[in-house]
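These are the residues of each chain, in order.
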Amino acid sequence: MDQMIAWTEVGSVADIPRQGSRVVKTAFGDVALFRTATDEVFALEDRCPHKGGPLSQGIVHGRRVTCPLHNWVIELATGEAVAPDEGCAGHVPVRIEGGVISLALAARTPGRGGCHG
Amino acid sequence: MTAQKERLIVVGNGMAGIRTVEELLARAPDRYDITVFGAEPHPNYNRIMLSPVLAGEKSFEQIILNDRAWYEANGITLLTGEPVEAIDRAARTVTSLSGRTLGYDRLLLATGSMPFIIPVPGATLPGVIGFRDLADVETMLEAAAKGGRAVVIGGGLLGLEAANGLALKGMDVTVVHLMPTLMERQLDPSAGTLLQRELEARGITVLTGADTAEIIGGGIGGSERVTAVRLKDGRELPADLVVMAVGIRPNIALGKAAGLDCGRGIKVDDAMRTSDPAIHAVGECVEHRGVTWGLVAPLFEMAKVLAERLAGGTEAAYAGSVTSTKLKVTGVDVFSAGDFSGGEGTEDIVFRDAARGVYKRLVLKDNRLLGAVLYGDTRDGPWYFSLLKDGADVSAERDTLIFGQGFGGGEAASPAAAVAALPDSAEICGCNGVCKGTITAAIRDKGLTSLDEVRAHTKASASCGSCTGMVETLLAATLGDGYAAAPAVKPMCKCTTHGHDAVRAAIVAHGLKTMSDVFQALEWSTPDGCASCRPALNYYLLCAWPGEYRDDYQSRFINERAHANIQKDGTYSVVPRMWGGLTSASELRAIADVVEKFAIPTVKVTGGQRIDLFGVKKEDLPAVWADLNAAGMVSGHAYAKGLRTVKTCVGSEWCRFGTQDSTGLGVKLEKMTWGTWTPHKVKLAVSGCPRNCAEATIKDLGVVCVDSGYELHVGGNGGMHVRACDLLAKVATEEEVLEYTGAFLQLYREEARYLERTAPWVERVGLDHIRRRLVGDAGGRRALHARFLFSQSFSQEDPWAERAARGVDRHEFAPLAELVG
Ligand SMILES: Cc1cc2nc3c(=O)[nH]c(=O)nc-3n(C[C@H](O)[C@H](O)[C@H](O)COP(=O)(O)OP(=O)(O)OC[C@H]3O[C@@H](n4cnc5c(N)ncnc54)[C@H](O)[C@@H]3O)c2cc1C
Ligand code: SF4
Ligand code: SF4
Ligand code: FES
């Protein structure tokens, strides 16, 4: 199963600041890569399910990010908004090998809910 | 039977190889004719005990696992000081450095790993070593015998054990660590910070966030011996010895040259077989299911599996390991196991006893233990580790889990019972040294019924307040139902029970200098705060420790990271500073050029008399700033929780009513106050006469010039809740205006809560309080002003110039990758 997935290398963990994020531009729009304080890396579509805010610009805390526009909190692992808000910024599977990050773009789950302004 | 025994050759006389042999001998003592090649000159010793040897707590003899007599007694041929150089898989032979060639039926590679030496200039100089074998320890002991200075690069397990050993041997030791906290792979930031403090208390200097640029040598052309380590930020650390402990690299050279499948390590399957079925591998040199290991527990599990297989079994399989770590530094108790990164569906149980220096964190998922970090009290480490490995359901003991295994023997197993069970001599309030007996006696004897009364009478919980919970529990336990908890102050956010004011006070009172200090001392319930407390704490620390605390970039709102305002579509707006609202032809021309060059869609004059350029793409920001900088303009900080603008009218220079030079004074005020960090945005204004064309009476601080001098108005706001200023004072000279302004801003900086503008702050604390501090107390006012100027001496740097010209935070403005098509 794992072998079927096409992985695309996008850069190294060290290129993303801790508790920060970097953007990867793709054919279906920007993908935000987040690195937590404990060096986990997650990838979400860079669009908040609320009004499309750029999640990559938010503050990362624990395994969550707070959208810079209206402070929705989004789970990095799933893209789901934390209750009471509802919606999901789609997520992209991430693999790290030897510090190099790869994305499985074809295996992404697209976001839902909200206006994607 | 006279059948020849099978020949087993073991390459590597270390911990994994010899453990395999031991296990094999226990199962099938006569099956193989065994030969062991070892590159080191010694018999097999306990490598993990090299740290105590270095520290002088053990001798080499004490850490030998199997002496030569053991090899002999078991009929094993031991060839030490004889590395194997080549394998001929077709002929099934190995050849050693001395030219000896031996045939095998089964070959076991257990070559371990090598210290990773970071490839900086000077890395090969004499005096630069790794920490791996007895030879390294001997080099270190020799250097330590001469005293002098050691730099240990790497603040992980190995580096810290080396640092501790060298310090005990009398060297002056500095640890250089790339990451923000020590042992970040085993410990979360809170525990890492505690560890750093402990090591510093032992005289070891710890530099975190420090990256090595170069190792410098003495002699002509730097060829002789190491003399110093230079960091990327330019700091130079003198060094007579440099120990690199930044990681290990599986030693695969031999296997690779023989054509075995290798990734980071020699690839093996669950039976510890390499891609050649006659060749096995165990230990740090292998890669199993994509993972390499650097601790002995998994290697011993591998050894067991392989021994079983070599003895003829067909079932045994290695499936990976769960590991735990302890730091072998005497007197420092650190334990970690499993995954403590938290996240989706997990819950944290955090226990902090700042006074005792104890920190525990358990991560649970679906009622099972996922990870544990213990600092200061590791007694229960093994118990947690077994719960974790077994995947035991802990829902029944969840409430008391954090108190450890011994807890809850009685019937009422609850956190309250834990406090109740404490002896009278147990210290409750670390700040004031108040023990339990004193508090319960005061409650009983003096008839105390509230937290405030306990504070007043015993001082317990009166300082940092981190023991408040325990004091309340004691009140409840002593008074029974008679106790009703007082309405609590509104906590800063969900991560804490403390309010803003208490946190600010604790930062100053306890000298808390980093965010993790605050998290620890005030018992935050999250590992790294949230988007609401982090920016506030960042500001409080910056305000409390000017010049000392380094702004935590990732705790700033995006506007302050990108130094521009994020707009609804994700683009940015940029406002160059125009001192006092003045501009010139060349500035306007530069702005016009920038607008054209970057196709900026909207240009607007702001309410603060500046020009705002809207719709700038983030990646264009550095270039836009560079052009504006080139025309002499700097950031207007329109994005900052800081001084935005000083609005002015034209005043006596042009206006027929003007009494004073309001524009000139506005420029002076702006030059003094720009770049400051404040709890919220700040706007000033100066009007040249009471007609007040600059609307100075709805600003945070407004100056209205009159014939006899200057009226100072404070606490105004033109925002959602319009508030006219209060008149603070009337002064005679421009110097006084500046002094009062600096003092007012400093008082606001020191007292207001984050995101509280001056208007609500003035209403909360009362104008009288502010008058008393600024008008009634001239000495206090001057001191406030001096503190303001002091902090300004660190903050008046144009953030645009740093980023445009010097490439600061360049990563912020460029995508990581562009995948097209
Ligand atoms: C100072 C120190 C402290 C440590 N502390 C801990 C701890 O607290 N807990 C823990 O779990 N782990 C600890 N470790 C790690 C642990 O020691 C290793 O994981 C373990 O020793 C690895 O076993 P190994 O057999 O794979 O490699 P090693 O024990 O390194 O054995 C490999 C041997 O192979 C030899 N060799 C290499 N190439 C050849 C060749 N071509 N021919 C012949 N011989 C060769 C090497 O000289 C070496 O003797 C520590 C390590 C060090 C260095
Ligand atoms: S405030 Fe007074 S001095 Fe200033 S422009 Fe208005 S009328 Fe003129
Ligand atoms: S008043 Fe409201 S809409 Fe207008 S700029 Fe300010 S925040 Fe935006
Ligand atoms: S767009 Fe993210 S919170 Fe509104």
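What you are looking at is a predicted structure, and each value in this text was computed from that prediction instead of being measured.

The rules behind each value
- Residues numbered from 1 in each chain as written.
- Chains lettered and ligands numbered in written order.
- Predicted model: local features only at pLDDT ≥ 70, side-chain atom pairs only at ≥ 80, totals over all residues.
- Heavy atoms only, no water.
- Helix = DSSP H or I, 4+ residues; strand = E, 2+ residues; numbered from the N terminus.
- Buried < 20%, exposed > 50% of the residue type's maximum accessible area, 1.4 Å probe, protein only.
- Areas by Shrake-Rupley, 256 points an atom, 1.4 Å probe, with all protein chains shown as cover.
- Contact = heavy atoms within 4.5 Å.
- Buried area = accessible area lost by both parts, 1.4 Å probe.
- Nonpolar A, V, L, I, M, F, W, Y, C, P; charged D, E, K, R; others polar.
- pLDDT = per-residue confidence, 0-100.
- UniProt positions renumbered as here; feature names shortened; annotations may be inferred.
- Pairing = 2+ DSSP bridges.
- Right-handed = clockwise from strand over helix to strand, strands pointing away.
- Polar contact = N/O pair within 3.5 Å; in protein donor to acceptor, adjacent residues only side chain to side chain.
- Phe/Tyr/Trp six-rings, centres within 6.5 Å; stacked < 30°, edge-to-face > 60°.
- Near = heavy atom within 4 Å.

Here we come to the overall build of chain A. The helix and strand tally for chain A stands at 0 helices and 10 strands. Of the regular secondary structure in chain A, the N- to C-terminal order runs β-β-β-β-β-β-β-β-β-β. The buried share among the 117 residues of chain A stands at 50%. Only carbon and sulfur atoms are counted for the fraction: they give 51% of the accessible area of chain A, which is about 4,800 Å².

What follows is about the interface of chain A and chain B. Listed per partner, the contact involves 36 residues of chain A and 36 residues of chain B. For the pair chain A and chain B, the two sides together bury roughly 2,900 Å², of which 58% comes from carbon and sulfur. For the side of chain A that touches chain B, the secondary-structure elements that each account for two or more residues are β1 (8–12), β2 (20–26), β3 (29–35) and β5 (59–61) of chain A. No other element matches the 6 residues that β2(A) contributes to the side of chain A that touches chain B. Its residues placed into classes, the side of chain A that touches chain B shows 15 nonpolar, 12 polar and 9 charged.

Residues and elements named next belong to chain B. On average, chain B scores 89 in pLDDT, and the residues at 70 or more come to 94%. Taken as a whole, residues 408–413 scores under 50 in pLDDT and shows 4 contacts with residues more than four places along the chain or in a different chain. Among the scores for the predicted complex, ipTM is 0.85 and pTM is 0.58.

What follows covers the UniProt feature "binding site: siroheme" (unreviewed entry) in chain B. Residue and element names in this part refer to chain B. Under the local residue numbering, the UniProt record ascribes the feature "binding site: siroheme" (unreviewed entry) to C693. Within the fold, C693 resides in the loop between β35 (682–687) and β36 (701–706). Dropping the residues within four chain positions of it, C693 is found in contact with C649 and S687.

This part covers the pairing of strand β2 (residues 32–38) of chain B. All names here are of chain B. The buried fraction of β2 amounts to 6 of the 7 residues, a majority that puts the element mostly inside the structure. Where strand β1 (residues 6–11) and β2 come together, 6 bridges link them in parallel fashion. Paired with I9 across the two strands is T35, which belongs to β2. With helix α1 (residues 15–27) bridging β1 and its parallel neighbour β2, the resulting β-α-β unit is right-handed. Examined bridge by bridge, β2 and strand β5 (residues 77–80) share 4 bridges and lie parallel to one another.

Next up on the list: the side chain of H280(B). Residue and element names in this part refer to chain B. For H280, the position within the fold is in strand β21 (residues 279–281). Looking at H280, the relative accessible area reads 4%, which means it is buried. Among the polar contacts listed, one links the side chain of H280 to the backbone oxygen of M272, at a separation of 3.4 Å. If sequence neighbours within four positions are ignored, H280 has contacts with R106, L107, L108, L109, A271, M272, R273, T274, L306 and L310.

A few words now on the packing of aromatic side chains. Residue and element names in this part refer to chain B. Under the counting rule described, the total for this entry stands at 12 aromatic pairs over all chains. Plain terms: the ring middles of W625 and W800 are 5.7 Å apart, the flat faces sit at 10° to each other, and that makes the pair stacked. Pair noted here: W625 is in helix α19 (residues 621–630) and W800 is in helix α25 (residues 799–806), with a separation of 175 residues, a long-range link. Given the relative accessible area of 0%, W625 is considered buried. According to the relative accessible area criterion, W800 is buried, its value standing at 0%. Every member of this aromatic cluster is reached through a ring pair, and the members are Y539, Y540 and Y754.

A few words on the pairing of β3(A). Residues and elements named next belong to chain A. Most of β3 is tucked away: 5 of the 7 residues are buried. Summarising the sheet, β2 and β3 pair through 7 bridges and their orientation is antiparallel. From the neighbouring strand, G20 faces β3, where its bridge partner is R35. What sits between the antiparallel neighbours β2 and β3 is a turn of 2 residues. Where β3 lies against strand β4 (residues 41–45), 5 bridges are found, and the strand directions are antiparallel. Paired with R35 across the bridge in β4 is V41.

With mixed pairing, the 5 strands of this open sheet are ordered in space as β8(A)-β4(A)-β3(A)-β2(A)-β39(B). Of all strands in the sheet, those with a lone pairing partner are β8 (91–92) of chain A together with β39 (817–818) of chain B, marking the two edges.

For the rest of this paragraph, the subject is the site of ligand 1. Residue and element names in this part refer to chain B. Around ligand 1 lies a shell of 32 residues, among which A16, E40, R132, E284 and K328 are the nearest. Residue R47 places a side-chain N or O atom 2.9 Å away from an oxygen atom belonging to ligand 1. V84 places a main-chain nitrogen or oxygen 3.0 Å from a nitrogen atom of ligand 1. Notes on ligand 1: free accessible area 980 Å², of which the protein chains cover 91%. Those elements that provide at least two residues to the shell around ligand 1 are α1, β2, α2 (50–55), α5 (157–168) and α8 (296–310).

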